[in-house]
Amino acid sequence: MTAWHLSGVVLPGTEPTDLWISDGVISAEPPGDAQTLARDVWIMPGLVDAHCHVGLAAGGAVDRATAEQQAITDRDSGVLLIRDAGAPVDTHWVDDRADLPRIIRAGRHIAVHKRYIRNYAVEIDPEDLVSQVEHEARAGDGWVKLVGDWIDRSVGDLRPLWPADVTEQAINRAHELGARVTAHCFGEESVAELVAAGIDCIEHGTGLSGEVMEQMAARGVGLVPTMTNLEYFPDFAAAGEAKFPTYAAHMRALHATRFDVLGAACEAGVPIYAGTDAGGRLRHGRIAEEAELLATLGGNEFALGAISWRARHWLGAESLTAGAPADLVVYNADPREHIAVLHHPRLVVLRGQPV
Ligand SMILES: [Zn+2]
């Protein structure tokens, strides 16, 4: 395996340094025969998309060739670690491919019958939640994904899917099995109930109250707002308008307040991480757009941590210290000053090899 050398600023640091790669990992010592890959550059620990779906498209499950292309598109945007937030197919075959990003899976989305997008989730009765969580905890890589709320057509508005006592039992069971739990929450009720029940992370979180933010900050409950996805709330509203005007108005209100709510969560100290919600209806490879929107909440350095070193630490992945896997992205300018440079990685190195 070729040994490599780069010289530049390794974020979040500020001083230029030499980075050596040998046998796929960061080397503390210069290897004898290293070839220089780049000089005078800015280097980020491999980017993280913490809410992404590989193996899922608008109609549900996709074939292996399509899933492979999704993973390649993410990789080429600099995303080298994915937390898959629910896929209807098993993508563990990706783990045998040195050229594809690392994936931490949540198994399948868990929803109640007819209470989520068709063909995405495993749909169950609420009383079967604990046993389904056991199944998904074993099928995934340390995460379980619940659909926390969705439109209830009988009331014409967003409603939680699960009785609060059932989710608490399910979250406790996941924790016993060593898995963390996250949930899709658009509205106010579901997120309050799930945080009270001891959940580990919230997806979207547009219905967060000040009180719930304080609880999340105190307990270190993660928040992955998927800001590029929230831009589509008016489309959800328009699609439901004729039959469900209350729901449509609710979605528009959540959309209108999204920057205020998420900005307040950031200020309250809720740990926020980047997720594009790629797969489903949304295309892959949008981490730069997500970072630009996150930067509006807490600045460029905050957004860069949310797509890289902070998210890596949260998911148990190392950054660019000696002995760590050499997963990194190289830029021609400092993304702290020019966040738009994220759209144009100069070089992506995965497992110590340029891709
Ligand atoms: Zn999603």
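### A closer look at the overall build of the protein chain
Helix and strand content of the protein chain: twelve helices and 20 strands. The globule rule puts the C-alpha radius of gyration for 355 residues at 20 Å, and the 20 Å found for the protein chain is close to it. Counting only C-alpha atoms, the protein chain reaches 70 × 40 × 35 Å along its principal axes. Within the protein chain, the proportion of its 355 residues that are buried is 58%.

### Digging into helix α7 (residues 233-240)
When we look at burial in α7, the residues that qualify are Phe-233, Phe-236, Ala-237 and Gly-240. Buried residues of α7, seen end-on, are gathered within an arc of 100° and therefore sit on one face of the element. On its buried face, α7 sits against α6 (227-230) and α8 (245-256).

### Some remarks on unusual backbone geometry
In the segment running from Leu-11 into Pro-12, the intervening peptide bond is cis, with an omega of 5°. Mapped onto the secondary structure, Pro-12 falls in the loop between β1 (4-10) and β2 (16-22). Even without being a glycine, Asp-40 presents a positive backbone phi close to 55°. Summarising the element assignment, Asp-40 is placed in strand β4 (residues 35-45). For Asp-40, a relative accessible area of 64% puts it in the exposed group.

### Looking at the side chain of Glu-290
Here Glu-290 is to be found in helix α10 (residues 287-298). Once residues within four sequence positions are removed from consideration, Glu-290 is found in contact with Thr-226, Met-227, Thr-228, Ala-274, Gly-275 and Thr-276.

### A look at the domain arrangement of the protein chain
Per the domain assignment, the segments of the protein chain are domain 1 (4-44 + 320-354) and domain 2 (46-314). Computed over C-alpha atoms only, the centres of domain 1 and domain 2 are separated by 30 Å. Counting the surface lost from both domain 1 and domain 2, the interface buries some 1800 Å², and carbon and sulfur atoms represent 64% of this. Three residues, Met-44, Ile-339 and Arg-351, lead the burial of domain 1 against domain 2; their summed loss comes to 31% of the area buried on that side.

### Section: the sheet that holds strand β20 (residues 353-354)
Sheet architecture is open: seven strands sit in the order β3-β2-β1-β4-β18-β19-β20, paired in mixed fashion. The outermost strands of the open sheet, each flanked by one partner alone, are β3 (25-27) and β20. In this structure, β4 lies alongside strand β18 (residues 328-331), joined through four bridges in antiparallel fashion. Along β18, the bridge assignment pairs Pro-45 with Leu-328.

Thresholds applied
Think of each chain on its own: its residues are numbered from 1, step by step along the sequence as written. With the structure being a predicted model, the display of local features is reserved for residues of pLDDT at least 70 and the display and counting of side-chain atom pairs for 80 or more, all residues being used for whole-chain, interface and lining totals. As a convention, hydrogens and water are excluded, and side-chain values are obtained from all of the structure's heavy atoms. Numbered from the N terminus, helices here are DSSP runs of H or I no shorter than four residues, and strands are runs of E no shorter than two. Every radius of gyration here is taken over C-alpha atoms, with the globule rule written as 2.2 Å times N^0.38, N being the number of residues. Buried, partly exposed and exposed residues are distinguished by accessible area as a fraction of the type maximum, computed with a 1.4 Å probe on protein chains only: under 20%, between the cut-offs, and over 50%, respectively. The directions from the helix axis to the C-beta atoms are what the arc is built from. Contacts: residue pairs with any heavy atoms within 4.5 Å of one another. Each domain's extent was defined by an automatic or database domain assignment. We define buried area as the total accessible area lost by two parts upon association, computed with a 1.4 Å probe and summed across both. Here, a strand pair is defined by DSSP locating no fewer than two bridges between the strands.

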